[in-house]
Amino acid sequence: MSPSFIRRTPFGGDTPSRPHALLAVLTVLVLAAVAALTGPVPAARAAVGLTRVTAFGANPGALAMYVYRPASLPAGAPVVVALHGCTQNAQGYADGSGLPRYADRHGFLLVLAEQSTSNNPSRCFNWFQTADSRRGQGEAASIRQMVAHAVSSYGADARRVHVTGLSAGGAMTSVMLAAYPDAFASGAVVAGLPYDCARDTAAAYSCMNPGVDLTPAEWARRVRAAHPSWTGPWPRVAIWHGDRDTTVVPRNADELRDQWTALHGLSQTPTRTVLIGPNSTRQEQYAAGDGTVAVEVDRVPGMGHGTPVDPGTGPSQCGAAGAYFLDTICSSHWITGFFGLHGAGGPPGTGGLPAPAGPAATGVTETSVTLDWAAVPGAAGYTVHRDGAPVATPAAPPFTDTGLAPGSVHTYAVAAHDADGRSGALSGTITVRTSGGAPAACWTSSNYEHVRAGRATTSGGHTYAKGSDQAMGLYNTFVTHTLRESPAGHYTLADDGCDPATSAAAVTTTTRATTG
């Protein structure tokens, strides 16, 4: 094919141009980067059996549909749609992510869309093309048809449909949430980008790195324009990103947060920040007025571009490490919890049991919290919620939550469920801090590096300390500041001297107004 009709697809690969072509010189430069961006990808070992579904609709985007159906799938089961990254396929993403294990455990139907090399030689979903990223068109319409087929043919619950994806699949997850808020209750974007960040190939590269900085209001406007007649609730969104990702830079997590917090009418300052998992992933929660976590940002320390996994047999472990599946934390565990799928019978309040009285913390160590609560007559078991997500289903109190980070703060609630798995009302919450913890830390760096490391955010070309929201000046490599972190995830300016032993209460903060 002539170079004038080749274009490099974001996240890897060359694909025929649809209505127009890139300049040949751009093509040559981009093609030279193929090996660095993608590299050889080993064939995945098939660990689970997927079923190919060939007749699920008109399929205007020419995608393939695969399904993983647990042996004991209940009637009215939830649906999780998974979208792979570039160079991947449905089987590889099922095996690497560990999602089928949670489908078996929690009883949901797993639907995997697969890109073809005829659409995109690198198997990237075409999230940056308007022909594929608008409601009722192309690949977005094909994925929507897969959801409709799952509901009609497998008896799934249309009210509990969720979507997640990596990289190009993460960007397409943003597309589905924006274009079809009537079809998806929630989504999880892994190493992805905000909706409508790009409408052509060249713009897509700018979105990926260095990223595009728009106001929360403008990002939200772009989502509303995807389905202008929509007046219902917006999907809940979890955003997962490695803080060392150089393919899709962490700035995109901030822009995604801005987009969805603005849609939910929330501030861009988190309601709470906690550390989760074996590697102390920093989870920022943005809660609605009723306490529901509407937006969540999970920043994985030291991780590059990929889906976070944690191979093993533990209840919060999953996946297989490999290319673009990085051994850090089992994101599938936390994502399915965010989707509300860990409770035996659906979200709290679907059954008739009352809320347990309590809970109360009866024991605290550096890495664990023991909870107790009053037993509920008729309860067959309980679901413990930590920081807004279900984490365990003990048969009776008490319960000890282990594997926590020293000095971390967590909020707990408990719901009872009956013998049919229907979950009762959620208890009141209790907030507990584990003992120990590292002292406050200090960093001196440019504003650019602070943002890349997740210690600051950008808006309108300016930089703000995360947590305190203190103004730090222009977003560039020339302005330098010292930041002090205490508690975890809360940063304050310390240019006059940073003493890690100083009490956080002694640091004066000045906050800026936030949009929301």
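Before reading on, note that the structure itself is shown above.
Bear in mind the structure is a predicted one, so any value in this text is a computation, not a measurement.

Draft legend 1. Fine view of the overall build of the chain. Check the secondary structure of the chain and you find eleven helices and 28 strands. Looking at the chain residue by residue over its 516 residues, the buried ones come to 56%. Considering only contacts within the chain whose residues lie at least 6 apart along the sequence, 66% involve residues at least 24 apart. By element, 55% of the accessible surface of the chain is carried by carbon and sulfur atoms, the whole surface being about 19100 Å².

Draft legend 2. Fine view of the environment of Gly461. Along the chain, the position of Gly461 falls in the loop between β24 (456–459) and β25 (462–465). Residues Gly461 and Asp213 lie 248 residues apart in sequence; the distance between their C-alpha atoms is 7.1 Å.

Draft legend 3. Local environment of the packing of aromatic side chains. On inspection of all chains with the given rule, the structure shows seven aromatic pairs. Summarising the aromatic geometry, the rings of Trp234 and Trp260 are spaced 6.5 Å apart at their centres and angled 75° between planes, so their arrangement reads as edge-to-face. Of this pair, Trp234 sits in the loop between α8 (216–226) and β9 (236–242) while Trp260 is found in helix α9 (residues 251–263), placing the two residues 26 residues apart along the sequence. In this structure, Trp234 and Trp260 share a single accessibility class: buried.

Draft legend 4. Main features of the pairing of strand β4 (residues 64–68). The element β4 is largely enclosed, with a buried count of five among its five residues. The two faces of β4 match: Ala64, Tyr66 and Tyr68 on one face and Met65 and Val67 on the other face are all buried. Summarising the sheet, strand β3 (residues 51–53) and β4 pair through three bridges and their orientation is antiparallel. By the bridge assignment, Arg52 is partnered in β4 with Tyr66.

Draft legend 5. Representation of the side chain of Thr164 in the model. Note that Thr164 resides in strand β7 (residues 161–166). Judged by its relative accessible area of 3%, Thr164 falls in the buried class. At 2.9 Å, the side chain of Thr164 forms a polar contact with the backbone oxygen of Ala188. Non-local contacts of Thr164, meaning those with residues more than four positions away in its chain, are made with Val80, Val81, Ala82, Leu83, Leu99, Thr173, Ala188, Val190, Ile335 and Phe339.

Draft legend 6. Here's a closer look at the state of the cysteines. Following the criterion strictly, the structure yields three disulfides and no others. Covalent S-S linkage joins Cys197 and Cys207, the inter-sulfur distance amounting to 2.1 Å. Where Cys197 bonds to Cys207 through sulfur, the torsion about that S-S bond is close to -110°, and the disulfide is left-handed. With Cys197 in the loop between β8 (186–190) and α7 (201–208) and Cys207 in helix α7, the pair connects residues that are ten residues apart, well separated along the chain.

Draft legend 7. View of the sheet that holds β7. With respect to topology, ten strands assemble into an open sheet ordered β3-β4-β6-β5-β7-β8-β9-β12-β11-β10, the strand pairing being mixed. Looking at which strands have only one partner, the edges of the open sheet turn out to be β3 and β10 (272–276). Between one strand axis and the next, the sheet turns by 20° as a mean value, whatever way the strands run. Here five bridges tie strand β5 (residues 79–83) to strand β6 (residues 109–114), and the two strands are oriented parallel to one another. Residue pairing across strands places Val81 opposite Val111, the latter belonging to β6. Along the sheet face, α9 touches β8, β9, β11 (281–287) and β12 (293–300) and points at about 175° away from the line of β12. In the packing of helix α10 (residues 331–338) onto the sheet, the strands contacted are β7, β8, β9, β10, β11 and β12, and the crossing angle to β9 comes to about 165°.

Draft legend 8. Examining α8 more closely. Restricting attention to buried positions, one finds in α8 the residues Pro216, Trp219, Ala220, Arg222, Val223 and Ala226. Down the axis of α8, the buried set is contained in an arc of 155°. They therefore lie on one face. Elements that come into contact with the buried residues of α8 comprise α6 (168–179), α9 and β24.

Draft legend 9. Looking closely at the pattern of salt bridges. A full pass over the atoms with the stated rule returns 17 salt bridges. Arg257 is the salt-bridge partner of Asp258, the closest N and O atoms lying 2.9 Å from each other. Per residue, the accessibility class of Asp258 equals that of Arg257, and both read buried. We note a salt bridge from Asp401 to Arg386, for which the minimum N-O separation is 2.7 Å. Residue Asp401 is located in strand β19 (residues 399–401), and its partner Arg386 is located in strand β17 (residues 381–386); the two are separated by 15 residues in the primary sequence. There is no split in this pair, since Asp401 and Arg386 are both buried. Salt bridges sharing common partners tie together Asp254, Arg257, Asp258, Glu284, Arg299 and Lys466.

Draft legend 10. Up close: the environment of Asp196. Position of Asp196 among the secondary structure elements: in the loop between β8 and α7. Judged by relative accessible area, Asp196 falls into the buried class, the value being 8%. For the pair Asp196 and Gln129, spaced 67 residues apart in the sequence, the C-alpha separation amounts to 9.4 Å. Ignoring sequence-local partners within four residues, the contact set of Asp196 consists of Arg134, Trp219 and Arg222.

The rules behind the values
Residues numbered from 1 in each chain as written. Predicted model: local features only at pLDDT ≥ 70, side-chain atom pairs only at ≥ 80, totals over all residues. Heavy atoms only, no water. Helix = DSSP H or I, 4+ residues; strand = E, 2+ residues; numbered from the N terminus. Buried < 20%, exposed > 50% of the residue type's maximum accessible area, 1.4 Å probe, protein only. Contact = heavy atoms within 4.5 Å. Areas by Shrake-Rupley, 256 points an atom, 1.4 Å probe, with all protein chains shown as cover. Phe/Tyr/Trp six-rings, centres within 6.5 Å; stacked < 30°, edge-to-face > 60°. Pairing = 2+ DSSP bridges. Polar contact = N/O pair within 3.5 Å; in protein donor to acceptor, adjacent residues only side chain to side chain. Disulfide = S-S within 2.5 Å. Axes fitted to C-alpha atoms, helices over the stretch in contact; angles between N-to-C directions. Arc of directions from axis to C-beta. Salt bridge = Lys/Arg side-chain N within 4 Å of Asp/Glu carboxyl O.

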